[in-house]
Number of protein chains: 2
Amino acid sequence: MGKCANHPDRETSYMCMKHDKYMCEECLECPDPEIHCKFRSSCPVWFMDKRGGKNIDDIPDKPEKNRFKVVFMPDNKDVLVEENTTLLEAVQAADIPLNASCNGKGVCGKCKLVVESGMVESAPTPLLNDEEKRKKYVLACQTTVQGDVTVKIPEEVLEKKLRIAGTGKQVTEELKGMVKGISPMLSRIPLELNPPTLEDSISDLDRLNRCLKKSGVDIDRMNIGIKAMRGLAGAMRGEDWNVTVSVVKKKCSSEVLEVVPGNLPANSFGIAVDVGTTSIVVYLVDMENGSILAATSGHNRQAACGDDVINRIVCAEKDGVSKLSKMVLSTINGLINEAINSADVDREQIDNVVISGNTTMTHLLLGIEPRHIRRDPYIPSVSSFPILRAEDIGLKVNPIAAVFVMPSPASYVGGDIVAGLLYTGLHREEPLTMFIDVGTNGEIVLGNRDWLMAASCSAGPAFEGGGVRWGMRAEEGAIEKVSIDPETFNPVVTVVGDTLPRGICGSGMIDLISEMLLKKIIQPNGKFSIDSTHPRYIKSGDEHAFIVAFANETSVERDIIFTESDIDNIIRSKGAVYAGFMVLLNQAGMDFSMVDRVIITGGFGQFLDIDKAVTIGLLPDIERSKFKYMGNSSIAGAYMALLSEKYRKEAIEVSNSMTYIDFSSNNEFMDEFTSALFLPHTNMEAFPNVKAAIVR
Amino acid sequence: MGKCANHPDRETSYMCMKHDKYMCEECLECPDPEIHCKFRSSCPVWFMDKRGGKNIDDIPDKPEKNRFKVVFMPDNKDVLVEENTTLLEAVQAADIPLNASCNGKGVCGKCKLVVESGMVESAPTPLLNDEEKRKKYVLACQTTVQGDVTVKIPEEVLEKKLRIAGTGKQVTEELKGMVKGISPMLSRIPLELNPPTLEDSISDLDRLNRCLKKSGVDIDRMNIGIKAMRGLAGAMRGEDWNVTVSVVKKKCSSEVLEVVPGNLPANSFGIAVDVGTTSIVVYLVDMENGSILAATSGHNRQAACGDDVINRIVCAEKDGVSKLSKMVLSTINGLINEAINSADVDREQIDNVVISGNTTMTHLLLGIEPRHIRRDPYIPSVSSFPILRAEDIGLKVNPIAAVFVMPSPASYVGGDIVAGLLYTGLHREEPLTMFIDVGTNGEIVLGNRDWLMAASCSAGPAFEGGGVRWGMRAEEGAIEKVSIDPETFNPVVTVVGDTLPRGICGSGMIDLISEMLLKKIIQPNGKFSIDSTHPRYIKSGDEHAFIVAFANETSVERDIIFTESDIDNIIRSKGAVYAGFMVLLNQAGMDFSMVDRVIITGGFGQFLDIDKAVTIGLLPDIERSKFKYMGNSSIAGAYMALLSEKYRKEAIEVSNSMTYIDFSSNNEFMDEFTSALFLPHTNMEAFPNVKAAIVR
C-alpha cells in the first residue's frame, strides 16, 4: 500500500511498475481488464501490479511442497511440479510454447487450458464465459495444481507457424545483391608455412605471424589466447606445416582463436538473427558468396513471460535474467538447428553471427541486467557491444564464432531499428524519410543523410493481439483482411493459411475498424451505432460487440466478436503512434507535407492495407505513393552486417548519430495523443480523403 | 634399435634425445657415467636414452597392480603407490623436494635414500659404495616398491634453503631507485559517476566510458568482457555511482576486467618472479611506491624431474606438460603465500605479475608444448607473449591479475637474459660488454647500444653439482671457498651456513681446481700428479681422487672426495663457456682486448672468485677491474618490468633486436671447445698471468 502520486491523501494498492509510483483508482481511468498506468500513452509500462502494491519480486518463495505430475495433451508431454504451482508455471517448466500476454497477471485471458482430469484450484475470473467454464476451460495463470493433472492445450491457444516477413526467395536474392565484398569478423585463413631450419629458427608463433602478415593481417595488433598457444606446436606439425588459423577482427585488434592442422576446406557459414519480442528469425548464410541457405522462424519462448518487454523485464527481476536468457537461447538454438539440418551444414562451420534485437531483447539474450530500462530515467546497461564469443553467450554454433550485436541507441530504440536503417539506407540518402516499425512499441525514426531523430511510443500489444478479446498474432487461423458489405454488414474475411478463423490479427483489426467506421457500424469516437437488433450485434457482459464470425464459421466453434473496448484499445494504440509522428515532426520544425516517404517495416506492416490504416488515423493522409513497405528490415540489416565490416561500422555510426527524443516526459506528446483518440483524428482537416469517405 | 648415424653398418640402441639420431658405442666417447652425445659440447642435450633406442614416451603404460604405502622419514609423510613404482616416482607423488639430477636415469647418483623397513627391489649400481650399501642406501630411481615401505631421506640429500642472490635489503633499495614513474598493466581506477537523468540517459557502459575518458583512458581502444557487462548495472548503483574499474592495458587495446561498487583503497601489489631451472625467487612489490615488501625463494619442484631443461622437457613428453606446469606453479604459489603472509597483504590485492625465466621454464609454466626446443632445429613454440590473466595460467593471486611474461629471443636464450639486460642496461650504453649467466647452460650476450649478439653453450650441470660425485648446489653445507696449503695440501674451506660440509658447490669446485693446479696436485690436463702415498690421495674405483674433507670433518660422516672425472667434467663445462666467448667475439671480428667490461650475473657468480675462475680458464685473463658481478639480474629486470611499461616495451625490443648465434651447428665452436679442454687453455699466451703463476 502507498499514497497516490496525484492524491497524497488516498491510500492505494496500485503501483506502476515503471514509475514505481502508487496511484488511486480514480487515476486509473481505463475500463480495460488490464489496468493501465494513467500515463499509459506516454509510458512504455502498461501493466500494474495488483498484489497489494508490492513489487512482484518482494513476494517470498513458497515453502517446500508435494510434487505432482502435469500431463499436457495433445503432445502427451509431462512435467513434475510442486503443489500450488500454477499451470502457467508448469507450462513454462515443460517448455511448451503458450502465449501468456500479461505474464500471469490474470488480465489478458490468453492462457486458456482445458482441464481433462485431476485436481486444480482456480481463482474466479470474468475472462471465461459460461460455455467455456462448462467445457472446463481455465486460465493457466489463475489455476494451481493440487494433484496429478492432465490438461489439454486447446486449438486456439496453440502457437502455430508464424508468417514471417522477409524469408521468401525473392527477398534473399535481393539481399544478396546489396552487399559488395564479404568481410567476416572471423576468418579461417589457410597457411602453408615454411618448416623451420637452423638458419630460420624463429618460434612457432613468430613463424605463424610472419605468414599471417604475408596474408595481409595486421600482426602488430594481433593477440593470441593461452589455449591456442598451448596447442600451437602440435597443430603446426600435424599436417606438414599446413595450418588453418581462425582470426577474429575486433575493435582495434585481432586475435588468433584457434590453429588447426591442415588446410580446411574454406566453407564457412554465418548466422543472422532477428530477436523480436514476439518472433525470432534466423538466416543461415554462406559466407563465401552471401547465399541465404535457410531461413527459419519461430515464437520467442519468452512469450510465456508476457507479451511485451516490460513484462519480460519484470519476469527477469523475479526469476533471474538467466531464465529469460535461456528461453530466448533455446528458441534461437532450435531455429539454428532447423536451419543447419535443412541446409546440411555442420554446426562447427558457423563462425560468424550477427544479432539484431531491441534493447531489452539484447540485454536478456546476453544475460545483462535489464531492470533499469523500465525505471525512470530508463537506462540500458550496455548499448554498444564488443565482438563476443558464441560459447560465452550460449549460442550453439562453433564455440569460437564471433558475434556482433547490433548497437542500441536508447532503452526503447534498439539494434533492430539500427539494422532497419542499414537495410533501408535512409541515412545515406537525401529524401526526408519517416521510418516506422510498429509492434508493441512503435519505433519511429525521422531524418535523412544529414540528421536522424528517433523515438518510441508505447503502441501497446493491441496490434499483436494483446488486450483484444479475439486478438492474436498473424498466425494460421488469424483474420488478416476484412471487408464489410454495406447493406448486410456481413464481413468477407481472408484468413492466414486459408483455414477457418480462430482470431483476428493486427491488420484484420485495422481493416475491421476502418470498415466499421466507413459502413457506420461505429462512430468516429469508436462507439457503436449499429442497431441492437442486428444479427451481428451482441452484448458481451456490459459491452457492445460485433460478431465477426459466427461459431459455425470458425475452427474454435465459438463466435469471434469485436467489442467496444477492443476498439478503444486499438484507438489508443494508433493514437500513440500518430502522436509520435507529430511530436518528431514538430521537434524538427516540419510537417507531413515535407516528408518525402514513409517506410513501414516489421511483420505487422506486411499485411497492412495502407488505405485502411490511414482511415483509422494510424498513418497520415498523404499521397499513397510515398508509403513503402520494406519487410523485416531487422533481419535484412543483420544479414548485411554479417557479411560486411563496412555495415558493422556503419551500424555503430548510425547508432551514435541518432538523437533520441524521450516521450515519457514530454507534455506535447500527451496533447497529441489526446487529439488522436478519434477516428481518424480530432483534426479531420489533416485527413481530407478520409473525411470525404466518411461524409459520403 | 637403429643404425649409427656415423656408421650406417652398425646397429645400436643408443639414441640422442635431441638429434633423434642413433649412435654406436664407439661414437660415444665420453667416459662419464652419464652417456653424452658425441657433440655434447655443442649440443644442449646431454642425456641419452638407454632403453633399446626407444623414445621414452613410446614405452607402454604398466598394467594395474597392487598398491603399497611408502612412508618418508623424518617428516612421516606417506603416499600410496602401485607395485613396482620406483621410490623416485613415490617421492614425486608425495611432493617431497628431492634432487634427481638425471631424472631417474640412474646415472647421477643423487637420489639416495635409506630403506628403513619393507620390501624393495634395487637394480645394481656402481654409484653406491660398500659402506653405503651396508647402511641400506639405495638410489630412489633404481629401486621399486614391493610392499609397504619406510624410507629415510638422508641429511645430505634433503634440499635446504638456497642462498639466493639479490634479495638483500641493499639490493631492493637500489632497485627501487632504478624505476622512475610507475605504470602497471592493470590499474584500479576509482570513478565518481554522475547519476543518470532523463536528460542524460546514456547507457551504463557509455557513462563509465565517458568518465574513464576523463581519467585519461583511451576508450576508443577499450574492450569489455561479457562478465563485466553482466554485473555492470548492479556495480554502478551499488555504492551511489562510485565505482572502481580494473583496466588492463594490452598490446594495442585496453580491457575493462571488473567493475566493483565503491572506491576501493588504492592499495595494489605486484609480484615479480624469477623462474630458474633450479631455484625460484619471488618479490612482493607495493605498486604505489615500488617498495619490495618481501622476497622469498625456493627450489623449483621440477628438480624431481631432473637438473636441466632437457630432462624437464623429456619428463613433460613422458608425463604431460601439465605435470611440470603444476610442479613449478606449486613452487611459485607457495613462495607467493610466504611473501603475502610475511607482508600481511591480501592475495586479491595482487593485480600485476611479471615472470622471467628461460625459454623452457616459460613454456612449462604456461603449459605450452616444449618438445621442439630440444630437437633440431630447436624451435620454441612461443617466444613473445600477450598479457595473460593470472587465473588462466594458475597463479594464485587476484584471478584477473595481468601477467607479463618476459619474451625469449631463442630456445636457449630466454626471458631471464632479457630481464638481465633490462637491469644491467648494457644495451643502452656505449661500452662493449660481455654479459654472462652461468648455470647449466651458459648464456652469453655480447654488444652495446648499437648491436647485440647472444648465444648459449651447454656448460652442463657440473657447476650446479650435477655429474660431480660430491657436487651440490650452493645450499647449507656446501663448500663454497677453498684454499690449499702448498706444503701439507690441507684445504681450508668455507661452508655455506657455517656448518660442517656435506658437499661442494660450483664456486668451491672452481677454487678447488684452481688451488690443485697452482699447488701442482694436478697438471694442466687435469690429471693427478699427487703422490699416491699422500694421506689425501685415494683411489675410488678405477679413479684417482683427492680427499677434500675427511669423514670426521663432515656432517655426512663420509669422506668428501674430488675425482679425476669430476675435474674432467668441470674442464668440459668451463671449456664450453670459454669457447662461447671466443666464437661470439670472432663473429663480431673482435677479441677480448676490445671488451670494456664483463658482467657476471646469476646465483653462481655470487660466490665466484674471479682470480680462480681465470686460473682454470673459465674467465679470460684480462684486467680484473673489468669484471663486475651484478647478482640476480633476472629478478631485478622482472621487478623493473613490473613497475614500468617503458621496461616492458624495452624487453620486447631487446628480445627482437638480439642476433642469436647457434653453436650446435657451428664447427668453429667445436674447435674452440677442444682448445679450451686444458687448464687454463691450450693457448697459454692468452692467460699470461695464470701462466706466470703456474710457472712460479
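Residues numbered from 1 in each chain as written. Chains lettered and ligands numbered in written order. Predicted model: local features only at pLDDT ≥ 70, side-chain atom pairs only at ≥ 80, totals over all residues.

Peer 1: Break down the overall build of chain A for me, with residues and values.
Peer 2: Regarding its fold elements, chain A presents 18 helices and 33 strands. Counting over 696 residues, chain A shows a buried share of 55%. Within chain A, contacts between residues at least 6 apart in sequence are counted, and of these 67% link residues at least 24 apart. (Helix = DSSP H or I, 4+ residues; strand = E, 2+ residues; numbered from the N terminus. Buried ≥ 20, exposed ≤ 12 C-beta atoms within 10 Å, placed from the backbone. Contact = placed C-beta atoms within 7 Å.)

Peer 1: So what about the environment of Pro-491 of chain A? Which residues, and what values?
Peer 2: Residues and elements named next belong to chain A. Its location among the elements puts Pro-491 in strand S26 (residues 491–495). Along the chain, Pro-491 and Leu-432 lie 59 residues apart, while their C-alpha atoms are 39 Å from each other. Not counting the four nearest positions on each side in its chain, Pro-491 is found in contact with Val-482, Ser-483, Ile-484 and Val-548.

Peer 1: Account for the packing of helix H12 (residues 564–587) of chain A against helix H17 (residues 667–675) of chain A, naming residues and giving values.
Peer 2: Residue and element names in this part refer to chain A. It is the contact of H12 with H17, at a shortest axis distance of 8 Å, that shows an interaxial angle of 130 degrees. The orientation of H12 relative to H17 falls into the category oblique. Crossing hand, H12 versus H17: right-handed. On the side of H12, the interface is formed by Gly-575, Ala-576, Ala-579, Met-582, Val-583 and Asn-586, while H17 contributes Glu-668, Phe-669, Glu-672 and Phe-673. (Axes fitted to C-alpha atoms, helices over the stretch in contact; angles between N-to-C directions. Parallel < 35°, antiparallel > 145°, perpendicular 65-115°, else oblique. Left-handed = near helix turned anticlockwise from the far one by under 90°.)

Peer 1: Residue-level account of the relation of the copies chain A and chain B, with values.
Peer 2: To go from the first copy of the chain to the second, apply a rotation about an axis and then a shift along the same axis. Mapping chain A onto chain B calls for a screw motion: a turn of 179 degrees about the axis and a shift of 0.0 Å along it, with 0.2 Å RMSD after fitting. Taken together, the rotation and translation relating the two chain copies correspond to the operation of a two-fold axis. Both copies contact each other with a shared surface, as 100% of the interface residues of chain A are interface residues in chain B too. (Least-squares fit on C-alpha atoms with pLDDT ≥ 70 in both.)

Peer 1: Describe the interface of chain A and chain B, with residues and values.
Peer 2: Residue-level contacts link 39 residues of chain A with 40 residues of chain B. When residues of the side of chain A that touches chain B are traced back to their parent elements, those giving at least two are helix H4 (204–214), strand S13 (222–224), helix H5 (226–238) and helix H9 (390–393) of chain A. By residue number, the principal contributor to the side of chain A that touches chain B is H5 of chain A, which donates six residues. In the side of chain A that touches chain B, the residues fall into 19 nonpolar, 11 polar and nine charged. (Nonpolar A, V, L, I, M, F, W, Y, C, P; charged D, E, K, R; others polar.)

Peer 1: Explain the domain arrangement of chain A to me, using residue names and the numbers behind them.
Peer 2: Along its sequence, chain A is organised into domain 1 (1–60), domain 2 (67–152), domain 3 (186–261), domain 4 (269–416), domain 5 (418–461 + 571–695) and domain 6 (462–568). On a C-alpha basis, the centres of domain 2 of chain A and domain 3 of chain A stand 57 Å from each other. (Domains from an automatic or database assignment.)

Peer 1: Can you explain the confidence of the model for chain A? Please cite residues and give values.
Peer 2: All names here are of chain A. Overall, the predicted model of chain A reaches an average pLDDT of 87, with 88% of residues at or above 70. In this model, residues 29–62 is a region of pLDDT below 50 whose contacts with residues beyond four sequence positions or in other chains number 91 contacts. Reported for the predicted complex are a pTM of 0.79 and an ipTM of 0.79. (pLDDT = per-residue confidence, 0-100.)

Peer 1: Give me the lowdown on helix H5 (residues 226–238) of chain B, citing residues and values where you can.
Peer 2: Between its first and last C-alpha atoms H5 of chain B spans 19 Å; for 13 residues at 1.5 Å apiece the expected length is 18 Å, and the two agree. At Leu-232 of chain B, H5 of chain B shows its maximal bend, which comes to roughly 50 degrees. Taken together, the buried positions of H5 of chain B are occupied by Ala-228, Met-229, Arg-230, Leu-232, Ala-233, Ala-235 and Met-236 of chain B. Next to the buried residues of H5 of chain B lie helix H8 (359–366) of chain A together with helix H4 (204–214), strand S11 (222–224), strand S12 (242–249) and strand S13 (254–261) of chain B. (Expected span 1.5 Å × (residues − 1). Bend = angle between axes of the 7 residues up to and from the residue.)

Peer 1: Tell me about the sheet that holds strand S28 (residues 560–563) of chain B, and name the residues and values.
Peer 2: Residues and elements named next belong to chain B. Read across the open sheet, the three strands follow the order S26-S27-S28; overall the sheet is antiparallel. Each edge of the open sheet is held by one strand with a lone partner, namely strand S26 (537–540) and S28. For this sheet the average axis-to-axis angle between neighbouring strands, irrespective of direction, equals 45 degrees. Helix-sheet contacts for helix H12 (residues 564–587) involve strand S27 (543–549) and S28, and the interaxial angle to S28 is about 60 degrees. (Pairing = 2+ DSSP bridges.)

Peer 1: Provide a residue-level description of the sheet that holds strand S25 (residues 478–484) of chain A, including the pertinent values.
Peer 2: Residues and elements named next belong to chain A. The strand order across the open sheet built from three strands is S26-S25-S27, with neighbouring strands paired in mixed fashion. Two strands bound the open sheet, and with one partner strand each, they are S26 and strand S27 (503–504). Taken together, the five bridges between S25 and S26 define a ladder with antiparallel strand orientation. From the neighbouring strand, Lys-481 faces S26, where its bridge partner is Thr-494.

Peer 1: Residues and numbers for the pairing of strand S6 (residues 77–82) of chain A, please.
Peer 2: All names here are of chain A. The pairing of strand S5 (residues 67–73) with S6 spans six bridges and is classified as antiparallel. Its bridge partner being in S6, Val-70 is matched across the sheet by Val-79. Joining the antiparallel neighbours S5 and S6 is a turn of three residues, in which Asn-76 adopts a positive phi near 60 degrees.

Peer 1: Got a sec to walk through unusual backbone geometry? Specific residues and values, please.
Peer 2: Residue and element names in this part refer to chain A. Geometrically, the link from Leu-679 to Pro-680 is a cis peptide bond, its omega value of -5 degrees lying close to zero. Assignment of secondary structure puts Pro-680 in the loop between H17 and helix H18 (688–695). Positive phi, normally seen in glycine, also occurs at Asp-240, with a value near 55 degrees. By secondary structure assignment, the location of Asp-240 is in the loop between H5 and strand S14 (242–249).

Peer 1: Which residues make up the packing of helix H10 (residues 415–424) of chain B against helix H15 (residues 633–643) of chain B, and what values go with them?
Peer 2: Residues and elements named next belong to chain B. It is at 7 Å that the axes of H10 and H15 come closest, and there the two elements cross at 75 degrees. The orientation of H10 relative to H15 falls into the category roughly perpendicular. The residues of H15 that touch H10, namely those facing Asp-416, Val-418, Ala-419, Gly-420, Leu-422, Tyr-423 and Thr-424, are Ser-633, Ser-634, Ala-636, Gly-637, Ala-638, Met-640 and Ala-641.

Peer 1: Lay out helix H11 (residues 506–518) of chain A in plain terms, naming residues and giving numbers.
Peer 2: Two residues of an α-helix separated by three or four positions point the same way, owing to the 3.6 residues in each turn. Given a rise of 1.5 Å per residue, 13 residues ought to cover 18 Å, and the 18 Å separating the end C-alpha atoms of H11 of chain A matches this to within 8%. Where H11 of chain A terminates, the next one or two residues include Lys-520 of chain A, which has phi positive at roughly 60 degrees.

Peer 1: Go over the environment of Val-690 of chain A with me, naming the residues and quoting the values.
Peer 2: All names here are of chain A. Following the sequence through the fold, Val-690 ends up in helix H18. When the C-alpha atoms of Val-690 and Gly-617 are compared, they prove to be 8.7 Å apart, with 73 residues separating the residues in sequence. Excluding residues that lie within four positions of it along the chain, Val-690 makes contacts with Val-614, Thr-615, Asp-621 and Pro-680.

Peer 1: Which residues make up the environment of Ser-458 of chain A, and what are the values?
Peer 2: Examined against the element boundaries, Ser-458 of chain A turns out to sit in strand S24 (residues 452–458). Each C-alpha atom of the pair Ser-458 of chain A and Thr-440 of chain A lies 6.5 Å from the other, and the pair is 18 residues apart in sequence.

Peer 1: Hey, could you go over the pairing of strand S24 (residues 491–495) of chain B for me, with residue numbers and the actual values?
Peer 2: Residues of S24 of chain B alternate between two faces, with Pro-491, Val-493 and Val-495 of chain B buried on one and Val-492 and Thr-494 of chain B left unburied on the opposite face. Between strand S23 (residues 478–484) of chain B and S24 of chain B, which follow one another and run antiparallel, lie six residues, and Phe-489 of chain B among them has a positive phi close to 65 degrees.

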